[in-house]
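Single-letter residue listing:
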Amino acid sequence: MSPRAVFVAGAGTEIGKTYVTAALTRRLRSAGPVLALKPLASGVAPVEDPAFADSDTARLLAAQGLPVTAATVAACSPWRFAAPLAPDQAAALEGRRLTLDEIVGWCRERIASAACPVVIEGVGGLMSPITDEATNLDWIEALRIPVTLVSGSYLGAISHALTAAEVLRLRGLDLRAVVISETEGAPTPPQVVAAAVARHTPVPVLCVGRGEQGPGALAAVV
Ligand SMILES: Nc1ncnc2c1ncn2[C@@H]1O[C@H](COP(=O)(O)OP(=O)(O)OP(=O)(O)O)[C@@H](O)[C@H]1O
Ligand SMILES: [Mg+2]
């Protein structure tokens, strides 16, 4: 059987990708092991710094029930950068340069060697750059794995979600679900936003309220 994997993409940055990836990871863990990865991470404090606890990597390790050690951190997020910028810019500040081939190669290897579902969190929004030449969209296209798109419930989120979903469709990618993660202070309940998105896209649209663990249907995306 081919390995199961899903890419968690965002309609934008700071939109709930990590929250939803962690919720999905916890859901999947109730049925067995799961591997959650955040291959590229910017704005990450050193592992020994207390601020590391706020990183996406720390949150995904916690969702997997793993401790924070040099080894678990490197296995989850091999490319970590200090500056809170797009990874290509953050890498340049450290005199480093990322290539799509090495990122895709690492992900493929992890998926091929995993005996469990693999969940990969992207960076920023769907077309945020990850290297000098490539965006998240190019990364997904090279990996050719199913996608779950996370959006918020803020005013304007419907168009952002539908635009990203349409771009995925135009590239022939396998969008499995859209997840609306409730934005703090949003003027509209997330269910209303989800229903509006659902009227314009053929895939399931799920909703995760503030502080909620998300519906059981989340686990069906991988
Ligand atoms: N449904 C939710 N309930 C409670 N808090 C949430 C929810 N969704 C997002 N958040 C919070 O909003 C903030 C941004 O969410 P998150 O870190 O998941 O975004 P992201 O898309 O992963 O951001 P980045 O682009 O930096 O990776 C975090 O503090 C997160 O805990
Ligand atoms: Mg994140």
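No experiment lies behind these values; they were computed from the predicted model shown. (Residues numbered from 1 in each chain as written. Chains lettered and ligands numbered in written order. Predicted model: local features only at pLDDT ≥ 70, side-chain atom pairs only at ≥ 80, totals over all residues. Heavy atoms only, no water.)

1. Quick word on the pattern of salt bridges
Put simply, the rule is: Every case where a carboxyl oxygen of Asp or Glu lies within 4 Å of a side-chain nitrogen of Lys or Arg is listed as a salt bridge. Helix numbering and strand numbering both begin at the N terminus, where a helix is a DSSP run of H or I of at least 4 residues and a strand a DSSP run of E of at least 2. Throughout this description, buried means an accessible area under 20% of the type-specific maximum (1.4 Å probe, protein chains only), exposed means over 50%, and partly exposed covers the range between.
Counted by the stated rule, this structure contains 12 salt bridges. Among the ionic pairs, R169 bridges to E166, the shortest N-O distance being 2.8 Å. Residue R169 and its partner E166 are located together in helix 7 (residues 157-170), separated by 3 residues, close to a single helical turn. Judged by relative accessible area, R169 falls into the exposed class, the value being 53%.

2. Quick word on helix 6 (residues 136-143)
What counts, and what does not: Here, the arc refers to the directions that run from the helix axis to the C-beta atoms. Every residue pair with non-hydrogen atoms within 4.5 Å of one another is taken to be in contact.
All of the buried residues in helix 6 are N136, L137, W139, I140 and L143. Relative to the axis of helix 6, the buried residues are bounded by an arc of 160° and lie together on one face. Its buried side turned inward, helix 6 meets strand 1 (5-10), strand 3 (40-41), helix 5 (100-113), strand 5 (118-121), strand 6 (147-151) and helix 7. Backbone geometry just downstream of helix 6 places R144 in the positive-phi region, at approximately 55°.

3. Examining the UniProt feature "binding site: substrate" (unreviewed entry) in the protein chain
Cut-off, in case you're wondering: UniProt positions are given in the numbering used here, feature names are shortened, and annotations may be inferred rather than shown by experiment.
In this numbering, the UniProt entry assigns the feature "binding site: substrate" (unreviewed entry) to S42. Mapped onto the elements of the fold, S42 is located in the loop between strand 3 and helix 2 (56-63). The class of S42 is partly exposed, set by a relative accessible area of 25%. Contact partners of S42, with chain neighbours within four places excluded, come to F81, A83, P84, L85, A86, P87 and A90.

4. What about the sheet that holds strand 6?
The condition that has to hold: The criterion for strand pairing is that DSSP finds at least two bridges linking the strands in question. Axis angles are defined between N-to-C directions and span 0 to 180 degrees, where every axis is a line fitted to C-alpha atoms and, for a helix, only to the segment in contact.
On the basis of which strands lie adjacent, the open sheet formed by 6 strands has the order 2-5-1-6-7-8 and parallel pairing. This sheet does not close on itself; its edge strands, each paired only once, are strand 2 (35-37) and strand 8 (205-208). Each neighbouring strand pair of the sheet contributes to a mean axis angle of 20°, computed without reference to strand direction. Where strand 2 lies against strand 5, 3 bridges are found, and the strand directions are parallel. Residue pairing for strand 5: L35 is matched across the bridge by V118. Strands strand 7 (175-181) and strand 8 of the sheet are contacted by helix 8 (residues 190-198), whose axis makes an angle of about 165° with strand 8.

5. Focus: the coordination of the magnesium ion (ligand 2)
The condition that has to hold: Coordinating donors are taken as N, O and S atoms within 2.8 Å of the metal, stretched to 3.2 Å for Na, K and Ca; because water is absent from the atoms, sites can appear incomplete.
The coordination sphere of the magnesium ion (ligand 2), as far as protein atoms go, consists of T18 (OG1), D56 (OD) and E121 (OE), spread over 2.1 to 2.2 Å. Along the chain, the residues donating to the magnesium ion (ligand 2) fall in the pattern T-x37-D-x64-E. Here T18, found in helix 1 (residues 17-29), pairs with D56, found in helix 2; they are 38 residues apart in sequence, far enough to count as distant. Using a relative accessible area of 10% as the deciding quantity, one classes T18 as buried.

6. Concerning the packing of helix 1 against helix 2
Keep this limit in mind: For this classification, under 35 degrees means roughly parallel, over 145 means roughly antiparallel, 65 to 115 means roughly perpendicular, and everything else is oblique. For a crossing to be left-handed, the near helix must be turned anticlockwise from the far one by less than a right angle; the clockwise case is right-handed. Under the grouping applied here, Gly and all other residues not named as nonpolar or charged are polar, the nonpolar ones being Ala, Val, Leu, Ile, Met, Phe, Trp, Tyr, Cys and Pro and the charged ones Asp, Glu, Lys and Arg.
Close contact between helix 1 and helix 2 brings their axes to 9 Å; oriented N to C, the two are set at 15°. In this view, helix 1 runs roughly parallel relative to helix 2, as classed from their interaxial angle. Considering only the axes of helix 1 and helix 2, their crossing is right-handed. Seen from helix 1, the contacting residues are T18, T21, A22, T25, R26 and R29; seen from helix 2, they are D56, R59, L60, A62 and A63. When the residues that make up the contact of helix 1 with helix 2 are grouped by side-chain class, the tally is 4 nonpolar, 3 polar and 4 charged.

7. Quick word on the site of ligand 1
Under the convention used in this document: When we say a residue is near a molecule or strand, we mean one of its heavy atoms is within 4 Å of it. Between N or O atoms, a polar contact is any pair within 3.5 Å; within protein, one atom must be a potential hydrogen donor and the other a potential acceptor, and residues adjacent in sequence are included only when both atoms are from side chains. A pocket here means an open set of points on a 1 Å grid, computed over the protein atoms alone, that has protein on both sides within 12 Å along at least five of seven lines. A cavity is instead a set of points where a 1.4 Å probe fits but cannot get out; residues with an atom within 4 Å of a point line either one. Whether a molecule lies in a cavity or pocket depends on its atoms, and more than half of them have to be within 2 Å of the grid points.
Around ligand 1, the structure places 16 residues, and the nearest of them are K17, T18, Y19, S181 and G211. Between K17 and ligand 1, the recorded distance is 2.8 Å, taken from a side-chain N or O atom to an oxygen atom. Between ligand 1 and the protein, one listed contact pairs an oxygen atom with a side-chain N or O atom of D56 at 3.1 Å. Most atoms of ligand 1, that is more than half of them, are within 2 Å of grid points of the largest pocket. If one sorts the elements of the shell around ligand 1 by residue count, helix 1 sits on top with 3 residues. Within the shell around ligand 1, the residues separate by chemical class into 3 nonpolar, 7 polar and 6 charged.

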